[in-house]
Each structure stands twice: as structure tokens, then as C-alpha cells.
Number of protein chains: 4
Amino acid sequence: MTKTVVAKTKVAVLGATGAVGQRFVQLLDGHPWFELAAVAASERSAGRTYADACSWKLDTPMPEAARSLVVQPAEPGLPGRVVFSALDAAVAGPVEEAFAAAGYAVLSNARNHRMADDVPLLVPEVNPDHAGLIPVQRRRRGWKGFIATNPNCSTATLVLALAPLERRFGIKAVAVTTLQAISGAGYPGIPALDIVGNVVPFIAGEEEKIERETRKILGALAGDAVAPLAAVVSAQTTRVPVVDGHTAAVFVTLGTDPGVEAVREAFRTFRGTPQQRGLPSAPQHPVLMMEGDDRPQPRLDVNRERGMASLVGRVRACPLMGYKFIVLGHNTIRGAAGAAILNAELLQADGYLASAGSD
Amino acid sequence: MTKTVVAKTKVAVLGATGAVGQRFVQLLDGHPWFELAAVAASERSAGRTYADACSWKLDTPMPEAARSLVVQPAEPGLPGRVVFSALDAAVAGPVEEAFAAAGYAVLSNARNHRMADDVPLLVPEVNPDHAGLIPVQRRRRGWKGFIATNPNCSTATLVLALAPLERRFGIKAVAVTTLQAISGAGYPGIPALDIVGNVVPFIAGEEEKIERETRKILGALAGDAVAPLAAVVSAQTTRVPVVDGHTAAVFVTLGTDPGVEAVREAFRTFRGTPQQRGLPSAPQHPVLMMEGDDRPQPRLDVNRERGMASLVGRVRACPLMGYKFIVLGHNTIRGAAGAAILNAELLQADGYLASAGSD
Amino acid sequence: MTKTVVAKTKVAVLGATGAVGQRFVQLLDGHPWFELAAVAASERSAGRTYADACSWKLDTPMPEAARSLVVQPAEPGLPGRVVFSALDAAVAGPVEEAFAAAGYAVLSNARNHRMADDVPLLVPEVNPDHAGLIPVQRRRRGWKGFIATNPNCSTATLVLALAPLERRFGIKAVAVTTLQAISGAGYPGIPALDIVGNVVPFIAGEEEKIERETRKILGALAGDAVAPLAAVVSAQTTRVPVVDGHTAAVFVTLGTDPGVEAVREAFRTFRGTPQQRGLPSAPQHPVLMMEGDDRPQPRLDVNRERGMASLVGRVRACPLMGYKFIVLGHNTIRGAAGAAILNAELLQADGYLASAGSD
Amino acid sequence: MTKTVVAKTKVAVLGATGAVGQRFVQLLDGHPWFELAAVAASERSAGRTYADACSWKLDTPMPEAARSLVVQPAEPGLPGRVVFSALDAAVAGPVEEAFAAAGYAVLSNARNHRMADDVPLLVPEVNPDHAGLIPVQRRRRGWKGFIATNPNCSTATLVLALAPLERRFGIKAVAVTTLQAISGAGYPGIPALDIVGNVVPFIAGEEEKIERETRKILGALAGDAVAPLAAVVSAQTTRVPVVDGHTAAVFVTLGTDPGVEAVREAFRTFRGTPQQRGLPSAPQHPVLMMEGDDRPQPRLDVNRERGMASLVGRVRACPLMGYKFIVLGHNTIRGAAGAAILNAELLQADGYLASAGSD
């Protein structure tokens, strides 16, 4: 096996000690295109080694290469021109803007800029053309760099399953109820007393995010803006005692009435830009159809396709809305760090990363 | 406090050693109107004391009075004229019919006869008049006794919350996703490997039951039959690692658009026959409105109103269907044994139990 | 039943909004001797009603009488002369001392003063005579009031089971491994990500507490001091995903070799001062022997005897140490709030509360 | 990377559809020395494809190569000369004997023959020389094949951690309390109602297995028999709501008093035959010392060293027995299927497999 040695793109992770930050560090370990050159976090952690500053909560060991990195403050000056942001929304806004202004490509998992008119909310299989907002953003804001975002964790799973339906049949209405994992709330996140043997039928701000972000992602870029999909989306969100994996029960009304088999076929055959270009983190099947009446299940299925697919099961007719099905996705991989990395791969392939920071 | 001593009505429990059977035995302990005179179960258990035959799984001790009862075979000949059936659906059909033919009032939690035209599917706050099917049933089948049923556990919780809306505003459509507790599957029921840290997005037959039973209960008795409610009901059902308490996320379209406050008011003020007559097991509030954005929760709230109410929270407008809310109920109390006991209380108050078995 | 109306003793709870504080408020509701006259907490909560300041996490509703109490600062001036302290150890030390100096009887669940030479570490069934340290304490410290403590939650369960063995046979050595519930860590306490589907084999400071406190409680008061029991106690402590109830696996070497039956008999017949005097919170059986090979279990048994007993099962010979058994106790009732209330009842019965604050 | 193509040894798995059987099939997928040539199970499954007969419960997909294998009856006639037995103890005895008599090398995870005088109970790092019982067994029983066993799941974890201590310092006494995962009970195994939010302080037969098997494995082969280690072992076993990974809290008295550092060093430097010979399934560190006060933890650590190591933490002095520590192991890998496969690798390397079935 020959191996062309190409210099990897240096990247940094902001908010690297948190739950999503750790997932970035894990997924970037051994990445063929990107090299983790720096980790940044709050003042409290800065100056300590990553091994020392971070209470690692993933079930694989901390990557050796990351252990000795010294945690930096989350401000421009980090090596490279690409940063992944796992910052908390309480601080992400101005920090990410400062990096973009300083010429960095900011791949953000934070909610702060997702709904801004000139910020792409990207899902590479669904709306790769929305990257066209990047020049708009730079022009408007006078930035050398830019901010590109990935959706909220539950939206990420949902929208990947809706995309093949929208593309083939159009979507008129969606009612969705989520059963979300505890890792979605970060660390320390949910107190154990609140969730062991329990369901919490509320997640602050989550329903609004699903309803808004889904329509933006499935919307059409026209000129300098995205027109949201003209569909009604209504969500109810709950927390369940599952470690990783957001499940959603979806009711959907399509633009046509294609029949259950055609819906299944649309899921099964769905492919997008990441698959066509062979992006390193692309799942083979962005929507993986599960066999078995009782699938997908988080404990058994969440790591299929390395956590990068939406797993769909129980597709059936709905007497009220037309169709109903179950979808499951890995909330800290496809729903967070993995999504941002796939976005970076898309933008690298499209030449946006090379241009970041160039004078 | 003076106490008129009235002879209690002797009752028996069929399937007394199972999960629902145990709940019957627990709830009948100290009941003011009924006295547990016999327990019956499969051949395997018959002849042993209840203490010996039953692997008790409730978190209060087995009632002293029940411990020494000798388990009987589940066939007519049991003392009294009232039997509660917690039998498995695989055997309940003919056994319950034999008891009814022999003159017993059969209060059944099994699914077998629920949808029969001449069998009432009763929820005392909702459709007490459906007891009017009992004389029809007796006439048609030539029985001295009768069978009256209570709904499936998730339907029981849902329908109690839908009733005030139907009564005030009419209901056109319901989409519901349930998050059901493991005790709903009986014992041994769900293997731990299937549910610890997991969600199972399928419960055999459950969605059909919710869709059918809800419409029958909310339907109108006209002449000798019930015309189901002309509304569309669509359900998705899941199992979650909760011990007791089925949660449901409900989307509903009403006949009018009364506004969120009127919907809340309808829940809050809902009362029915059990409350008016002061039936012993009647909850004070059949629908208990929960304060707090993140309520109801099974671990904290399931025992409110002694497990006999539907707990409703998060009532809000839905951009798609009009209204959405969360409802929680105790699946083995209001969803099973408690429901059958409340039915028996209603029928006792209405004189149906006295007539059972009369020649 | 005649009922002499006696004025109840006014009591206050310090740290009333926390997990143990809530349990105090719950257990004091309807208490025959004590009346909850005030709740106190940190500056952050002071001035708000208890209903407003407290995120109630128990599975019974907040007592009506407590809802409208205005939260006070935790400093002398509270009504009455008795305070229960559920304060965090980080602040309990000087606050409790200030109350004692100001004439209050302080019944403390905090660890701060437990091991002080002149502070009783009381378990009413085991060492009621250690209350004799109270006059010593007052004399030495010049206090009108006093501090009396109850043990750490896991010690409380263990020592109640060891007491009958020490009394009858003497104890030479104990090796104990605990499996502790999440409520033992308060709220927010353990992050869900740390414990769902997991075991954490470490609880800071817990092993030392068990080893020291057990020996003090089982020790002998001689003159002005307690001589700890001359036994070796070694503990390993773990956290498991259980809501309430600390389980312990105990290996014990006795002073004699009485045989398993005699050990069981010692457990079964154990009674103490609370039972003899009929203290309101006294369990009928301070050690409740559980039948069944696989008991006690937290989910099924933790509320036996209203959470005030140690539940013992699986008593058997040990090839290494002589005997081994399982013990379970309710960590926030007998292991915290209930223990302090029982201590208060003992001291009330002994006249210590009347004297608190007298000039 | 060059690759010498050597014909792999054909192997079969008995009891292939159960929980341990599935783990065998998973671990044998891609094994460098062994090729899964057949799966066998009960009559009920025989004749169906493995994909059809098996309700796969692992969190990786069923290996493609296994899906189309037709399930065979568990009787001699299977291809190859090596069988792994994941049979239930209720049937394993005579079936395994029939295979051994017919010339197969039987690598058994069942308990039936473990304690037989002429059957090796092998842990390759600990007692590889016990394979010397194989010729004894063949001679005595007149078999062409043989049976070699691996220990019970909790013993496997414990003994690997005790071995370095026994080798360096000698062991006099062990008191151990286990916290065992639900997968240890197979499928369906533990009912969810018994373990969600609960601890069950009893596992039938488990304590006796730990006490006996540990002493046999650490014993010395002398002539035709193993003299068990002259140490006292006492166990208490509990079940906790963890999916995979048995934790044990160990108290141990050594033959000398080497100090905590020397004990840690013994763990850290422990290696055995599998490491020296580079057996394919050998962990790099058979005992992996975990850093961090609160480790090892099943959710985070159980897959370290591919589930083949005992993970040790919290090594410290014990006032009673000398030393205490926590150990964790993967109960269906090192505690079952992985153990049997490592045994097969050892015996292959030692030439025992080649000779199985030779005339």
C-alpha cells in the first residue's frame, strides 16, 4: 500500500475539554486530511496539558497525540487557519466572530450563528450549495475567514432522513417527538437524579431549534439568502436515560402519495455529495434502512456507519399524515463533532479552507 | 368516626400471580366495598398459597390477608360473583366467557373482548353510559353474568386527557407517541439486555390498540351499539427504561380553536361520574395539571392521585395541529388494575354487580 | 383514641432546599411532636418562598404547609430552639457552632463535628447513652445549646446491623463493600453521564467515614469521652445507578462463633430505646430480616419500616471471616434526615431539647 | 505488508445463537488462525440460517460470513476438529463429552467440567502448564479429543488480577464482592423489572464458583492432578444495571507485606505466555493499571485491551487484610468467549489442536 504524503491541514478545537470537544479530539485522531494542532478552552484550563485539564468521558482512551497538547485560550493566534468550535452558546458568539474576522474558517457546533441570514447551516448530503453563503458573509462582514455551522443534534438526525423525501416527493408537514440521550446535554449536564429510571419531557429551546433549523436546511439558496422550506414542522422533545443516540418518532405528510415502498426506496437509495466525492467521514449510506420491526435501537445501532448516518426503521403508512417512521442518530457524532468535520471536508474539497485567511 | 359495617362484596382475581394480578391484590387490600375472597391462576400455581406461588414484585409488602389464600384454578366455582381478570390474552378469551356464562361479573383487563360490539370498554369519567351494553350483551349471549373491560394501559392515560377536549371542543385528529414503562410488559416481560440504557421503538399490537380503543371509548352509544368517534388517531409506541408510568407526547386538532388557556381550563375543570358519586378509587382530579415546564415525569409524579389520574403538562399551541401536550399515567394502576376496580365501583353503584348472578 | 393537644416543638431546617433538606421537610410534615416553623438556606434562596426557591425532587408533593414559608438566612434568630442541619460540609462547621452557641439544639447530618470528642454521634438504638456527651460539650465550649450528629448514610445502615452482633457476640473485624445510591450525593450531585449503565468505584472520603464512625458509635462512653470499639473496619465504596438505598456486602468476624442461626436470631430480636419508648419515628424492627435468597433489594425493599430500618438478608457462614450478609438502608431517611429526627425524638424524650436555650 | 497464506483451522461454535455464542461469532470474525466453519444450536434453530435463527444482541453488525451459515444440531459431524462450547450448563455435559470422544478439541465456557480432576481450567497467563491434564484426560477417558475449560466470568477477571500477587508474594486470603453486568446472565436472562434502578444481591451458584475455581486455577499441577491453592477465598456476588463488565472489590492478604508500591509494580509488570508468544487475542497488558481515583468503570473502560485484560485501580493498603483494590473485566469477552479463544490459541501454539482427532 503506497501512501502519498501530503501535508495535513492544521486544525484547532475550541471548547476541547467538554463533551463535544472530546468527541472532536477523538474523531480527529488519525484523520487523513486534518491534524489536531491545538486545543483551546476556558481560562480555567489554559496552560495545563490536555490530559491534565480534561476529564475524559469517552469509552476509548484519550488519543496519545492530544495528551501533551497545552490548552490554549480560545482566541485568535492558534496555529493553522481552521477551528472547530465546541464552545458553549453562552460564549461562542463573539469568540467565533473574532476568529472569523482574524481569518479563520470556523466550523461551529454552537447554535449562536446558525440562523443568521449569511451563515450556512450545512448538511453536506442535503444542502452543499448553501456554502455559497460564505462569500456573501465575507463580503457583508468584511471577514477574511468565515463561520459555517452544523445543525442541532436532533435536527441533524431528522433532516438527513427528511432530505430524500423532500427531494423525491416534497414535504408539507412534519410532526416529530424525540427521545434524546443524556450526552446531548454535555458534561456535567443532566443530574443523575433527574433521569435514572425517568423521562424528562422538556429540553430548553430544543423544539424551536428543530422547527427552524430543519426548514432552513431544506430551504433553497436563491441569490444571497436561503428561503426556508414552506413546510410546517412541529416538535416535542424529551430526555431519556440513554447514553448516546437520539431517537425520533416522525409523522410526515408528503407532496405526493408515493406509497410505502417508494418511501423506503427513497431512503435506501439516498446519496449526496460526500458519498460522490468520497469525503473521509462520509457514511456509505447516509440513511441506513434497518431491518427488523424493533429497530433502530440506540444501544445496538448507534455506531453503525461510524455514527455518521441516520438509521431509519418502521416505515409505514399513517392514517393521519401519510407516513410515519423511526429515526436514530448519534448525537455527538453526526449530531455534533462528526457533522462539523464532514462540513470541513466538504469545504476543503470545495476550496473554501484554502482561501480562509489568505490575503 | 362512626363506621357502618356493611358486608363487603366478595371478589376474586384471575391471573393473580402476574404483574397486573399483583397490583389488583395490592389495591384491593383494605378496599371499602370489595373483599378479596379468592385468587386464581394457572394450573402450575393452583393449590399453593399465594405467598408461596407468587414472586411478588411490588415495592410494598404482600398484603397479609392475601398471603394464606390458596391459589385456585381459573374456572367458575370461585366464591362471590365478581371476578377481576388479569389473565394473559392467550387464555383470557374462553375463560372470561365461561365466568360470564356462569353468572359472574367479569371486570377484564385483557384485550380479548374490548372491541366486541356488545362489550363495554369503560372509563367511568368518560363513557359511563356505555355500561348500557351490558343488558345487550346478556340478551344476545344468554349470559347471567357479563364482561366489562378497561382499555389498554397507554389508551387509558391518553383517553382520560382527550375526554375533556372532546367534550368541550370536539376532536378531529390525534397523533401520539408513547414512551412506555417496562412494567407494562408484565413479568418476566422485557429482558434487561433489551432496555437498560436503550429505547425499543416497537410494542407489538400497541399502536393498533390505541387507535381503535380511543375511538370506541370516545364514541357514542346509540341503541345497541357504540359508534366510534369520527376522528383520526395515529400512534407510535416505544419502550423506555422506566419502571412505572407511560408518558405520551400528544398532537391534537380540535373541532374549534379555543386557545391554549381554554384548553388548560378544560383539563383543569374536568370531572366525571366517579368524582360526582365519590367512588372510592376515584381521583380527585382525573386530569391533574402539572406546573413546571418539565413535568409530568414518571419518577416524580406517577403516584399523584394514587396513580389514578392522567397528569398533563406543557400544554401549548402547535403550528401544525393546533395543540400539543404531554400526558403521563400509571400503567398498572389507572392503566390496568385500578381501572378495572374503578369500573367495578361504577357498576356496583349502578346496580350491575348486584344483578350479576341473580337468577 | 383520645388526643391530648400539646403544643408541638418548633423546629427549623438549615439547608432546606437541598436533597436532604427536602427529606427533612417531607418527614416533618405531620410529625406528632415537631412543627416546621422555618426553613433556611443560602443567601441565593433567602427571601423567596420555599415553593419558589426549591426544586423539589421527591416523589410525593411538597407539603402544603411548607410551600409558603419564606426561606431565611441560615443564622441564629430562627423561631424555636431546635434546628436540623442539612447543610453542606463546606459551610456547616461555623454555622452549626453559631446556632449551638446561641442556645439552639443542633441536630446535624453534616460530617463536620461527628468525630469531635465532645459531640455525640448518635444512633438511638445503639448508643443512646452517648447523649451524655452533651453536658460535656456545653461545659467545655460554654454553649447554651449543643450539637448532636447522626452518622454518614452508609455508616448508618451498617452500624444498625452490626449493633446486635456487637451486643451479643462482640465484633473483631469487618470488611464491607457498599453499592450506594445516587441520592446520597445530593442534587445536582452525580452527572448522569457518570452513572447511567455504570459503576463508579469511588466516593470521596466515604471509606474513611465508615471506618471511623462505626467504631465511635459502637464504642463505650467512659467519663467524658468515647473509647472507639477495638475492632478493625475496612471499607470499599462504590456508586451504582439506584435512586434510593445503599446496599452493603458485609464480612464480619465475631468475638465468639455462635453459628448462623444465633446470628439470625440476634438480628431478628434486636430492639433498642426507640422501640421501648415508642418514639414516633422508631421502626418496629430496627433490623428487618428479609426472606428470600435474593433480598434485600433497593427498588423493592427500601421503604420497608418507612425507610427507618436496616434490612438484612443472606446471612451465612463465611469461610474466611466467620459470617457474611447483605444489608440495605434508605440513605436519605435512616441515613440522613430520618436519623436526625429520631435523634431529636430521643433527646426530647430525655429532656435535652427542653433545656436547650434555657438560661 | 506481506502475508503468508496459511490454511486456517476450521472451528465450530456450539450454542451459537445465545449471548456468549454471539460473542464467539463476533470475535472469530477475521481471526488470523481460526475460521468459523459451522454454527450449532438447539433443535429449534437447526436448519435455519444463522441470520434467521439468531436474535443478534451485540452492538456491531452480525459478521457477513456468519449470516448464511446453516445452523447445525450440536452433535459430532461438524466440520473441523475444534469446537467452542457456549452451551447452557443444562445440556453441555454429555454434548461436550460426545464431541471429545469423537475426537474434537472442545474449548468450553460451560461450568460442567471445570472442576473435574482431569480437565484443565485454563487461563493462559496464569496456568498454561495445566494443559498437561489433557493427556491425562485422554488416557483416562479413552478420548481422541479433549475438553479444556475457561473459568466463570467473574472468576476470570479476579484470577488474572490475583495471579501477579500469588506469583510474587503468595496469597493467603481473599474476600471479594462483585457487581456483575446483566449480559453475564445471557439472553433473555434478567427481567428488566428486576434490575432497572436496582441491585440484586444474589447470583445462583456464583459465589461457590469463584471460591472453587480461583483456587484450582492458582493451584499447582503435580503429576496427574492440580493441588488447589491453599488460600481461603470468600465471595459475595451482586447484579447491577450495567450492560457489560463485572466489577469486583477485592480485599487480599498476601504471604509477605511488600508495600503498596510493590503490589502496583506486580500488577504493572505482569506478563505471561500469551504475551511472550504473541497469541493473536493476547492483551498487551493482561493486567492494566488504571490511573485516576475513580477508575476502572465499566462504561468507560470495559473495552480497553479489546476486552481481554483485567483493569485494576485504587490499589491501597487495607487495615484488615493488607491490601484492597478494584478490578473490572469484560464478562463476555475475557470472561467467556475471548477466554476460550485465547485458550484455543495457546493449545494451537502448543500443538494440542493439531493432535485433536488424530488417529
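Model, not experiment: these values are computed from the prediction. (Residues numbered from 1 in each chain as written. Chains lettered and ligands numbered in written order. Predicted model: local features only at pLDDT ≥ 70, side-chain atom pairs only at ≥ 80, totals over all residues.)

J.: Hey, could you run me through the sheet that holds strand 2 (residues 34-41) of chain C in this one?
T.: Each strand in a sheet pairs with its neighbour through backbone hydrogen bonds, running either in the same direction (parallel) or in the opposite one (antiparallel). All names here are of chain C. Read from one edge of the open sheet, six strands run 3-2-1-4-5-6, paired in parallel fashion. The two strands at the open ends of the sheet, each matched to only one other strand, are strand 3 (72-73) and strand 6 (146-149). The pairing of strand 1 (residues 9-14) with strand 2 spans six bridges and is classified as parallel. What sits directly across from Ala-12, in strand 2, is Ala-38. Helix 12 (residues 333-349) contacts strand 1, strand 2, strand 4 (82-85), strand 5 (105-108) and strand 6 of the sheet and is inclined by roughly 145° relative to strand 5. (Pairing = 2+ DSSP bridges. Helix = DSSP H or I, 4+ residues; strand = E, 2+ residues; numbered from the N terminus. Contact = placed C-beta atoms within 7 Å. Axes fitted to C-alpha atoms, helices over the stretch in contact; angles between N-to-C directions.)

J.: I keep staring at the interface of chain C and chain A and nothing clicks. Help me out?
T.: Much of the literature gives interface size as the accessible area that the parts lose upon coming together. Of the residues lining the interface, 15 residues belong to chain C; the matching set on chain A comes to 15 residues. Split into classes, the residues belonging to the side of chain C that touches chain A amount to eleven nonpolar, three polar and one charged. (Nonpolar A, V, L, I, M, F, W, Y, C, P; charged D, E, K, R; others polar.)

J.: What is the right way to look at the interface of chain B and chain A in this model?
T.: Taken together, the contacts link 34 residues of chain B with 34 residues of chain A. Listed by contribution, the elements that provide at least two residues to the side of chain B that touches chain A are strand 7 (171-180), strand 10 (232-239), strand 11 (246-254), helix 11 (298-301), strand 13 (310-318) and strand 14 (322-329) of chain B. The residue makeup of the side of chain B that touches chain A, split by class, is 20 nonpolar, nine polar and five charged.

J.: Just checking my understanding: could you explain the domain arrangement of chain A for this structure?
T.: Residues and elements named next belong to chain A. Splitting chain A by domain gives domain 1 (9-151 + 337-355) and domain 2 (153-330). For domain 1 versus domain 2, the separation of C-alpha centres amounts to 24 Å. Domain 1 puts 31 residues into the contact, and the matching count from domain 2 is 29 residues. Among the elements that make up the side of domain 1 that touches domain 2, the one with the highest residue count is helix 12 (residues 333-349) (seven residues). A class-by-class count of the residues in the side of domain 1 that touches domain 2 yields 17 nonpolar, seven polar and seven charged. (Domains from an automatic or database assignment.)

J.: Any chance you could explain the packing of helix 6 (residues 153-169) of chain C against helix 12 of chain C here in plain terms?
T.: When two helices pack together, their arrangement is given by the angle between their axes and by how far apart the axes lie. Residue and element names in this part refer to chain C. Between helix 6 and helix 12, whose axes approach to 8 Å, the crossing angle comes to 90°. Regarding the angle of helix 6 to helix 12, the classification is roughly perpendicular. Of the residues in helix 12, those in contact with Cys-153, Ser-154, Ala-156 and Thr-157 of helix 6 are Arg-334, Gly-335, Ala-336 and Ala-339. Looking at side-chain class alone, the contact of helix 6 with helix 12 contains four nonpolar, three polar and one charged residues. (Parallel < 35°, antiparallel > 145°, perpendicular 65-115°, else oblique.)

J.: Which parts of the structure should I look at to understand helix 5 (residues 133-141) of chain A?
T.: All names here are of chain A. Of the residues making up helix 5, those classed as buried are Leu-133, Ile-134 and Gln-137. Down the axis, helix 5 shows its buried residues gathered within 105° of arc, on one side only. With its phi angle positive at about 70°, Gly-142 sits one or two positions after the end of helix 5. (Buried ≥ 20, exposed ≤ 12 C-beta atoms within 10 Å, placed from the backbone. Arc of directions from axis to C-beta.)

J.: Would you mind showing me how to read the relation of the copies chain B and chain A here?
T.: Under the fitted operation, chain B is carried onto chain A by 0.0 Å of movement along the axis and a turn of 180°, and the coordinates agree to an RMSD of 0.0 Å. Such values leave the two copies arranged in the relation of a two-fold axis. Mapped onto chain A, 100% of the interface residues of chain B again fall at the interface, so both copies present the same surface. (Least-squares fit on C-alpha atoms with pLDDT ≥ 70 in both.)

J.: I'm lost on the packing of helix 1 (residues 19-28) of chain D against helix 12 (residues 333-349) of chain D in this one. Help?
T.: Residue and element names in this part refer to chain D. Interaxial distance between helix 1 and helix 12 falls to 9 Å at its minimum, and their mutual angle equals 50°. With respect to helix 12, the element helix 1 is oriented oblique. Considering only the axes of helix 1 and helix 12, their crossing is right-handed. Of the residues in helix 12, those touching helix 1 at Val-20, Arg-23, Phe-24 and Leu-27 are Ile-333, Ala-336, Ala-337, Gly-338 and Ile-341. Split into classes, the residues belonging to the contact of helix 1 with helix 12 amount to seven nonpolar, one polar and one charged. (Left-handed = near helix turned anticlockwise from the far one by under 90°.)

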